[in-house]
Amino acid sequence: MDIATTAEKLRAGDRRALARAITLVESTKAEDRATAQALLTKLGTDRAALRIGLSGTPGVGKSTFIEAFGKMLTGLGKRVAVLAVDPSSARSGGSILGDKTRMDLLSRDPNAFIRPSPSQSQLGGVARRTREAIALCEAAGFDVVLIETVGVGQSETAVAEMSDLFLLLLAPAGGDELQGVKRGIMETCDMILVNKADGDLRAQATRTCADYAGALRLLRKRPQDPDDFPKAVAVSALEDSGIAAAWDEMQALVNWRRDSGVWAQRRTDQARYWFHEEVRSGLLSRLTADPAIKAQLARLEEDVTAGKIRPAAAADALIASLFKP
Ligand code: GDP
């Protein structure tokens, strides 16, 4: 790949160049990694999109929502990219997120770019690839980058740590189900969207919204956000209602954070978070790539599982041996 040409095309908004560049950052080959880093450096960081993370369990309406929300944004003249972090794709063998066939209209929109999740197994790899893909989309001049994920485990944390706004999409629910929403996710999300507020579910969606709004306020108060946030907003992705109002709320929050410096601070904190994550995972993969250390690790693991040594003592022994002169 010719870096200068690719960078030029990408910055001109060429979607094929963008797709090729994302394929490059997804590669784990050493030489591709080097080219990817060179390309990212060449592209610079002068352009920034609004990064919106969106989480929700399968069936809650993520693709339907992204299709409606994305079309609304392109209708406003914005360029929209959709990326996915799918922790299950490696196991199931097929990606279930960022599926173009489920976002048919948006995928044919010249102002939209949809990239399904890659089939890498490790979250660390997927997270890095996604952060680099976000950087590529920003360099290509996209105004909004949507990052879709399912509501399981660490992928949610990872997506929250790469978003300016983190949204949780929920379905109308009864009181018991409300209890089931994990506290951690309620604490990280910036806004709850209660989807399927239509037909027979409309009234229930309104009640659910009030319940969640109350729960959000009880759980935490972000001094950096306006008094009436975090909010829960009812939408219908299917009927395309409430989505413009939700966008207004998102913009109100974003503008507030921009003015108060919270926006920039959040990105700084995220850079620090990812630096430490990269150091941790980089160290681990270097260690396990070393045959002698790998063998020692296996021996110690055996001893730990056989009950010969306590886990912490085994780890101490391994780490101490690494730092022996
Ligand atoms: P995902 O798995 O989260 O991406 O969910 P989908 O977007 O594939 O939607 C799952 C199902 O819910 C589909 O049958 C959709 O038609 C339906 N659905 C999505 N949004 C709405 C909505 O706003 N109202 C209603 N009634 N159904 C919806």
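For the structure, check the block above.
All of these numbers come straight from a predicted model, not from anything done at the bench. (Residues numbered from 1 in each chain as written. Predicted model: local features only at pLDDT ≥ 70, side-chain atom pairs only at ≥ 80, totals over all residues. Heavy atoms only, no water.)

## A look at the nonpolar core
Judged by nonpolar contacts, the single largest core of 50 residues is most densely connected at Leu10, Leu18, Ile22, Leu136, Val145, Ile192 and Tyr212. Looking at this core, the element that brings in the most residues is helix H7 (residues 123-139), giving seven residues. When residues are assigned to domains, this core turns out to be shared by domain 1 (1-44) and domain 2 (46-259), each giving three or more. Beyond its immediate chain neighbours, meaning those up to four positions away, isoleucine 22 contacts Leu83, Phe113, Arg115, Arg129, Ala133 and Leu136. (Core = buried A, V, L, I, M, F, W, Y, C linked by side-chain atoms within 4.5 Å. Buried < 20%, exposed > 50% of the residue type's maximum accessible area, 1.4 Å probe, protein only. Helix = DSSP H or I, 4+ residues; strand = E, 2+ residues; numbered from the N terminus. Domains from an automatic or database assignment. Contact = heavy atoms within 4.5 Å.)

## A closer look at the site of the ligand
In the region of the ligand, 15 residues are neighbours, and Gly59, Ser63, Thr64, Arg102 and Asp198 sit closest. Between the ligand and lysine 62 there is a distance of 2.7 Å, counted from an oxygen atom to a backbone nitrogen or oxygen. Interatomic distance of 2.5 Å between a side-chain N/O atom of threonine 64 and an oxygen atom of the ligand. Across the complex, the protein chains shield 72% of the 580 Å² of accessible surface that the ligand would expose by itself. Here the residues of the shell around the ligand sort into four nonpolar, seven polar and four charged. (Near = heavy atom within 4 Å. Polar contact = N/O pair within 3.5 Å; in protein donor to acceptor, adjacent residues only side chain to side chain. Areas by Shrake-Rupley, 256 points an atom, 1.4 Å probe, with all protein chains shown as cover. Nonpolar A, V, L, I, M, F, W, Y, C, P; charged D, E, K, R; others polar.)

## Topic: helix H13 (residues 262-289)
Quick reminder: α-helices carry 3.6 residues per turn. Residues three or four places apart thus point the same way. Taking 1.5 Å per residue as the helical rise, H13 with its 28 residues ought to reach 40 Å, and the 40 Å between its terminal C-alpha atoms agrees with that figure. Listed as buried for H13 are Val262, Trp263, Arg266, Arg267, Gln270 and Trp274. (Expected span 1.5 Å × (residues − 1).)

## So, the environment of tyrosine 273
With respect to the element layout, tyrosine 273 can be found in helix H13. C-alpha of tyrosine 273 to C-alpha of glutamate 161: the two residues are 112 residues apart in sequence and 7.8 Å apart in space.

## Describing the side chain of lysine 231
Along the chain, lysine 231 turns up in strand E7 (residues 231-234). Judged by relative accessible area, which is 17%, lysine 231 ranks as buried. There is a polar contact of 3.2 Å between the side chain of lysine 231 and the side chain of aspartate 228. At 2.9 Å, the side chain of lysine 231 and the side chain of glutamate 249 are in polar contact. Setting aside residues no more than four positions away along its own chain, lysine 231 makes contact with Asp190, Met191, Ile192, Leu216 and Glu249.

## Side note on the pairing of strand E5 (residues 165-170)
Here E5 lies mainly inside the structure; six of its six residues are buried. Burial along E5 is two-sided: the face carrying Leu165, Leu167 and Leu169 and the face carrying Phe166, Leu168 and Leu170 are both buried. In terms of strand pairing, strand E1 (residues 50-55) meets E5 through four bridges, oriented parallel. Each residue of the ladder has a partner; that of serine 55, found in E5, is leucine 168. Judged from the four bridges that link them, E5 and strand E6 (residues 191-194) form a sheet pairing that is parallel. Each bridged residue has a counterpart across the sheet, and for leucine 168 the counterpart in E6 is isoleucine 192. (Pairing = 2+ DSSP bridges.)

## Things to note about the packing of helix H14 (residues 291-305) against helix H15 (residues 311-322)
For the pair H14 and H15, the least separation of the axes is 9 Å and the interaxial angle reads 160 degrees. Regarding the angle of H14 to H15, the classification is roughly antiparallel. Crossing of H14 against H15: the hand is right-handed. Here Ile293, Gln296, Leu297, Leu300 and Val304 of H14 come into contact with H15, specifically with Pro311, Ala314, Ala317, Leu318, Ser321 and Leu322. (Axes fitted to C-alpha atoms, helices over the stretch in contact; angles between N-to-C directions. Parallel < 35°, antiparallel > 145°, perpendicular 65-115°, else oblique. Left-handed = near helix turned anticlockwise from the far one by under 90°.)

## Here we look at the environment of proline 230
By secondary structure assignment, the location of proline 230 is in the loop between helix H11 (202-219) and E7. We classify proline 230 as buried; its relative accessible area is 3%. Separated by 19 residues in sequence, proline 230 and glutamate 249 have C-alpha atoms that sit 9.9 Å apart.

## Some words on the sheet that holds E6
Here we have seven strands laid out as an open sheet, ordered E3-E2-E4-E1-E5-E6-E7, and parallel in their pairing. At either end of the open sheet lies a strand with only one pairing partner, and these are strand E3 (112-114) and E7. Each neighbouring strand pair of the sheet contributes to a mean axis angle of 20 degrees, computed without reference to strand direction. Relative to strand E4 (residues 144-149), strand E2 (residues 80-85) runs parallel, the two being bridged by six bridges. When the bridges of E4 are listed, leucine 83 appears paired with isoleucine 147. Relative to the sheet, helix H12 (residues 243-260) contacts E1, E4, E5, E6 and E7, its axis offset from that of E5 by approximately 155 degrees.

Shape descriptors only; they carry no functional weight alone.
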